Amino acid sequence: SAVGTPPQDLTYKAGDKVKLVIGKNNTIRENTLINPGTLKDKGLTLIGDNNLFMGSTHIAHDAVIGNHVIMVNQSMVAGHVVVEDHVVIGGSTPIHQFVKLGEYAMIGGGGAVAQDIPPYTLAEGNRTTIKSLNLVGLRRNFKKEDIEALKQAYKAGFRGEANMKDIANEILKTSQNEKVKKFCDFVINTKRGIPYERNR
């Protein structure tokens, strides 16, 4: 593996004061490449704790990786990507620069992610789109009442012709569930949009 080698970005110049910070209990397998940040951002690539980076994975400059993340073989995170806690990225899956992956999201293998993926969802396909909630991950980690609340918010947000951000704002006015609030905040604040096929 190559950890801390110069970032693959043409703005980087030898001698730039940039950093790569890696937390505790991370497993970094063979042929993995992890780069520090660049001065066009904060000059920092930040990796949390208890992550598993399988063989031939790549974490590019200025990325932020949370805790308990799994990147399966040959998955790639481009520059400036944010990956929140407990995300799983399937094998041979590239994540486009500036994309954000919400906590407990599951990304299927062999896709290509070009837009933000909300927390608690399952996304897959060659051009990755949201397919459902990540129910397997949720059942392993969350209470039944949280899962039911997320189901209702997901169903409301991804059906009909109304604007998703408008729906999320309406849900925030009435929901007291912290997981639902996090889901809605993510939808409202997305910068790259959310890839989904609207169900009727």
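Refer to the structure above for everything that follows.
Small disclaimer: the values here were computed from a predicted structure and weren't measured.

A.B. asks: Help me get a handle on the packing of aromatic side chains, residues and values and all.
C.D. replies: The full count for this structure, using the stated rule, is three aromatic pairs. Relative to phenylalanine 142, the ring of tyrosine 120 lies with its centre 5.6 Å away and its plane at 75 degrees, an arrangement referred to as edge-to-face. Remark: phenylalanine 142 occurs in the loop between helix 1 (135-141) and helix 2 (144-157) and tyrosine 120 occurs in the loop between strand 15 (106-107) and strand 16 (121-124); sequence separation between them is 22 residues. As far as the burial class goes, tyrosine 120 and phenylalanine 142 line up, both buried. Within the aromatic cluster, the residues linked to one another by ring pairs are Tyr104, Tyr120 and Phe142.

A.B. asks: Break down the sheet that holds strand 14 (residues 100-101) for me, with residues and values.
C.D. replies: Spatially, the five strands line up as an open sheet ordered 2-5-8-11-14, and their pairing is parallel. The outermost strands of the open sheet, each flanked by one partner alone, are strand 2 (19-22) and strand 14. The pairing of strand 8 (residues 64-65) with strand 11 (residues 82-83) spans two bridges and is parallel. Within strand 11, the position partnered with isoleucine 65 by the bridge is valine 83.

A.B. asks: Any details on the packing of helix 2 against helix 4 (residues 178-189)? Residues and values, ideally.
C.D. replies: Relative to each other, helix 2 and helix 4 sit at 30 degrees, their axes nearing to 8 Å. When the interaxial angle is binned, helix 2 and helix 4 end up roughly parallel. You can see that helix 2 and helix 4 cross each other, and the crossing is right-handed. Across the interface between the two elements, Asp146, Ala149, Leu150, Ala153 and Tyr154 from helix 2 touch Lys179, Val180 and Phe183 from helix 4. Looking at the contact of helix 2 with helix 4 residue by residue, the classes come out as six nonpolar, no polar and two charged.

A.B. asks: Can you lay out the nonpolar core for me, pointing to particular residues and giving the numbers?
C.D. replies: If you look at the biggest cluster of nonpolar residues, it comprises 41 residues, and the most contacted ones within it are Val77, Val83, Ile89, Leu101 and Phe183. Listing elements by their share of this core, those giving two or more residues are strand 17 (129-133), helix 2, helix 3 (164-174) and helix 4. For phenylalanine 183, the residues in contact, after removing those within four places along its chain, are Pro118, Pro119, Tyr120, Thr121, Leu150, Ala153, Tyr154 and Phe158.

A.B. asks: Hey, could you go over the pairing of strand 5 (residues 44-47) for me, with residue numbers and the actual values?
C.D. replies: Side chains of strand 5 alternate between two faces, with Thr45 and Ile47 buried and Leu44 and Leu46 left unburied. Inspection of the sheet shows strand 2 paired to strand 5 by four bridges, in the parallel sense. Considered in strand 5, the bridge of lysine 19 is made with leucine 44. Here strand 5 runs beside strand 8; their pairing, made up of two bridges, is parallel. Residue pairing across strands places leucine 46 opposite valine 64, the latter belonging to strand 8.

A.B. asks: Please provide a residue-by-residue account of empty space enclosed by the protein, values included.
C.D. replies: Taken as a whole, this structure holds one cavity of 30 Å³ or more when the rule is applied. If you add up the space inside the largest cavity, you get close to 50 Å³. Those elements that place two or more of their residues in the lining of the largest cavity are helix 2, helix 3 and helix 4. Sorting elements by how many residues they give to the lining of the largest cavity places helix 3 first, with four residues. Each residue belonging to the lining of the largest cavity can be placed in one class, and the counts come to nine nonpolar, one polar and no charged.

The rules behind each value
Along each chain, residue indices are assigned from 1 in the same order as the chain's sequence is written. Only residues with pLDDT of 70 or above have their local features reported here, since the model is predicted, and side-chain atom pairs are shown and tallied only from 80 upward, although totals for entire chains, interfaces and linings are computed over all residues. Derived side-chain values reflect all non-hydrogen atoms in the structure, with water molecules and hydrogen atoms excluded from consideration. Note on aromatic contacts: the rings of Phe and Tyr and the six-membered ring of Trp form a pair at centre separations within 6.5 Å, being stacked when their planes are under 30 degrees apart, edge-to-face when over 60 apart, and tilted otherwise. The way it works is that DSSP assigns letters per residue, a run of H or I at least four long becomes a helix, a run of E at least two long becomes a strand, and they are numbered from the N terminus. We call a residue buried when its accessible area falls under 20% of the maximum for its residue type, exposed when it is over 50%, and partly exposed in between, using a 1.4 Å probe and counting protein chains only. A strand pair is defined by DSSP finding two or more bridges across the two strands. Working convention: axes come from line fits to C-alpha atoms, limited for helices to the stretch in contact. Angles between N-to-C directions cover 0 to 180 degrees. To sort the angles, those under 35 degrees are grouped as roughly parallel, those over 145 as roughly antiparallel, those from 65 to 115 as roughly perpendicular, and the leftovers as oblique. Put simply, a crossing is left-handed when the front helix is turned counterclockwise from the back one by less than a right angle, and right-handed when it is turned clockwise. In this description, contact between two residues means that some pair of their heavy atoms is separated by no more than 4.5 Å. Put simply, Ala, Val, Leu, Ile, Met, Phe, Trp, Tyr, Cys and Pro go in the nonpolar bin, Asp, Glu, Lys and Arg in the charged bin, and everything else, Gly too, in the polar bin. Only buried residues count toward a nonpolar core, which is a set of Ala, Val, Leu, Ile, Met, Phe, Trp, Tyr and Cys residues joined through side-chain atoms within 4.5 Å. Cavities and pockets are defined on a 1 Å grid built over the protein atoms alone: a cavity is a set of grid points where a 1.4 Å probe fits but cannot escape, while a pocket is an open set with protein on both sides within 12 Å along at least five of seven lines, and lining residues are those with an atom within 4 Å of any such point. Grid points are joined across faces, edges and corners, and a volume is the space filled by probe spheres set on the points.

Everything listed here is a matter of coordinates, which is why it stays silent on function.
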